[in-house]
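Read off the chains here:
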Amino acid sequence: MRRRFSFVELHPTGEPTSSMLRSWLRSEGLPDTAVLLLEELNSRIAERDFQLGPSYFMRRSLYEEPGALARAWRTSILPLLADQEPGDTSDRFALDELLDELGIEEASLLRQAPSADEADGEDVSGPA
């Protein structure tokens, strides 16, 4: 069968995919620490074609509910890696270990609730 369309690679390390998560986090008003986590995770995956894309980290619930990232890691990311990577993946891809190495606390990934003044609509930016 002949291919009658162009092929464009969308690998996690190439554009436009590599900047997608950072752009999404900024548009959501979130810190870009999840980008560091994704990059470190992908650096540990031996096979280039098995590296993860940004969509695993582009769900608002991951940044709003405490424990949501750990749950997604346990139920989505680790099972995928276990299928793709030989041997025991639990230590090499452990979320706690990755966060520790990067100096990131899981709570720092969460969306920060506005202060009481911000929630009331008051300008808390200081004198103009």
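Values in this document were obtained by computation on a predicted structure and should not be read as measured data.

## Points about the overall build of the protein
A tally of helices and strands in the protein yields five helices and zero strands. When its helices and strands are written in sequence order, the protein yields α-α-α-α-α. Sequence separation of 24 or more characterises 59% of the internal contacts of the protein that already satisfy a separation of 6 or more. Accessible surface, the protein: about 8,400 Å² in total, of which carbon and sulfur atoms supply 50%.

## What about the confidence of the model for the protein?
With 86% of its residues at a pLDDT of 70 or more, the protein shows a mean pLDDT of 84. The weakest mean pLDDT in the protein belongs to helix α5 (residues 116-119) at 51; the strongest belongs to helix α1 (residues 20-27) at 95. Within the model, pLDDT remains below 50 along residues 123-128, and this stretch shows two contacts once partners closer than five positions in the same chain are excluded.

## Remarks on unusual backbone geometry
With an omega of 5°, the peptide bond between E15 and P16 qualifies as cis. Following the sequence through the fold, P16 ends up in the segment before α1.

## Focus on the pattern of salt bridges
By the definition in use, this model includes seven salt bridges. A salt bridge links R44 to E97, with the nearest nitrogen and oxygen atoms 3.2 Å apart. In this pair, R44 sits in the loop between α2 (33-43) and α3 (68-84) while E97 sits in helix α4 (residues 95-102), placing the two residues 53 residues apart along the sequence. According to the relative accessible area criterion, R44 is buried, its value standing at 14%. Salt-bridge contacts for E65 lead to R71; the nearest nitrogen and oxygen are separated by 3.3 Å. A network of salt bridges, in which partner residues are shared, links E40, R44, E97 and E101.

The rules we used
- Residues numbered from 1 in each chain as written.
- Predicted model: local features only at pLDDT ≥ 70, side-chain atom pairs only at ≥ 80, totals over all residues.
- Heavy atoms only, no water.
- Helix = DSSP H or I, 4+ residues; strand = E, 2+ residues; numbered from the N terminus.
- Contact = heavy atoms within 4.5 Å.
- Areas by Shrake-Rupley, 256 points an atom, 1.4 Å probe, with all protein chains shown as cover.
- pLDDT = per-residue confidence, 0-100.
- Salt bridge = Lys/Arg side-chain N within 4 Å of Asp/Glu carboxyl O.
- Buried < 20%, exposed > 50% of the residue type's maximum accessible area, 1.4 Å probe, protein only.

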